[in-house]
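Residue-level structural notes
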Amino acid sequence: IILVLNTADYWHTNSQQLEENIKRRIDTEFTTKVDLSSQSDTFMGVASAAVLSLVHRVELDCDSAWREMRNTNWSKMESVGDQSSYVAELLSHVKVRSIEILALVQKQQYARAFCDNLVEHLASTYISNIIQCRPVSEVGAEQVPSYNL
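Residues numbered from 1 in each chain as written. Predicted model: local features only at pLDDT ≥ 70, side-chain atom pairs only at ≥ 80, totals over all residues. Heavy atoms only, no water.

Moving on to the pattern of salt bridges. Side chains bearing opposite charge may pair, as long as their charged atoms lie close to each other. A complete count under the given rule lists 6 salt bridges for this structure. Where lysine 23 meets glutamate 19, a salt bridge forms, and the shortest distance between an N and an O atom there is 3.0 Å. Note that lysine 23 and glutamate 19 are positioned in helix H1 (residues 2–25) at a spacing of 4 residues, about one turn of the helix. Judged by relative accessible area, lysine 23 falls into the partly exposed class, the value being 30%. By relative accessible area, glutamate 19 is classed as buried at 15%. Notably, a salt bridge pairs arginine 97 with aspartate 61, separated by 2.7 Å at the nearest N-O pair. (Salt bridge = Lys/Arg side-chain N within 4 Å of Asp/Glu carboxyl O. Helix = DSSP H or I, 4+ residues; strand = E, 2+ residues; numbered from the N terminus. Buried < 20%, exposed > 50% of the residue type's maximum accessible area, 1.4 Å probe, protein only.)

Next comes the structure, spelled out in structure tokens:
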């Protein structure tokens, strides 16, 4: 996925430069007919899809932690602890995979897009999983949100 991302970015930039070079070398009457913007946009679309695939890869690693969260009986919880057991696993998966991915992404804009999408996706997944945990007792409600990403 990283290779696809970096290659799509390379060709996105190259197609723009190619268009400029062609326009400089041909007669001015033909410059309006040279337009590689749709090809450039296609490569940018591939790069965006690659970023979302990387986010999905992290999500897949987190499935077991989310399953543990959903399978916990939050309505029968009697005391609040430091951190729910699913949290350490979730943090580990997100940190390890993110460090691995960010080390390979060549441009800051894609690293930022990956991080933004990952945070957005984790937040929405967290909310949907909380909904699936119902019913939740008062003690369980104090324990559920104990995680720091």
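On to the packing of helix H3 (residues 85–104) against helix H4 (residues 108–132), then. Closest axis-to-axis distance for the H3/H4 pair is 11 Å, and the angle between their directions is 160°. The pairing of H3 with H4 is recorded here as roughly antiparallel in orientation. In the packing of H3 onto H4, the handedness of the crossing is right-handed. Residue-level contacts link Tyr86, Val94, Ser98, Ile101 and Leu102 of H3 to Ala111, Phe114, Cys115, Leu118, Leu122 and Tyr126 of H4. (Axes fitted to C-alpha atoms, helices over the stretch in contact; angles between N-to-C directions. Parallel < 35°, antiparallel > 145°, perpendicular 65-115°, else oblique. Left-handed = near helix turned anticlockwise from the far one by under 90°. Contact = heavy atoms within 4.5 Å.)

So, on to the nonpolar core. Core analysis: the biggest nonpolar cluster contains 28 residues, and Leu5 and Phe114 have the highest contact counts within it. If you list the elements that add at least two residues to this core, you get H1, helix H2 (37–71), H3 and H4. Element by element, the count of residues in this core is highest for H2, at 10 residues. With residues near it in sequence (within four places) discarded, leucine 5 still touches Ala47, Ala50, Val51, Leu54, Val105 and Tyr110. (Core = buried A, V, L, I, M, F, W, Y, C linked by side-chain atoms within 4.5 Å.)

The next point concerns unusual backbone geometry. The amide bond that connects arginine 134 to the next residue, proline 135, takes the cis arrangement and shows omega of 0°. Within the element layout of this structure, proline 135 appears in the loop between H4 and helix H5 (138–143).

Of note, threonine 125 is situated in helix H4. At 2.8 Å, the side chain of threonine 125 and the backbone oxygen of histidine 121 are in polar contact. The contacts of threonine 125, once residues within four sequence positions are left out, are Glu59 and Trp66. (Polar contact = N/O pair within 3.5 Å; in protein donor to acceptor, adjacent residues only side chain to side chain.)

No statement about biological role is implied by the geometric values presented.
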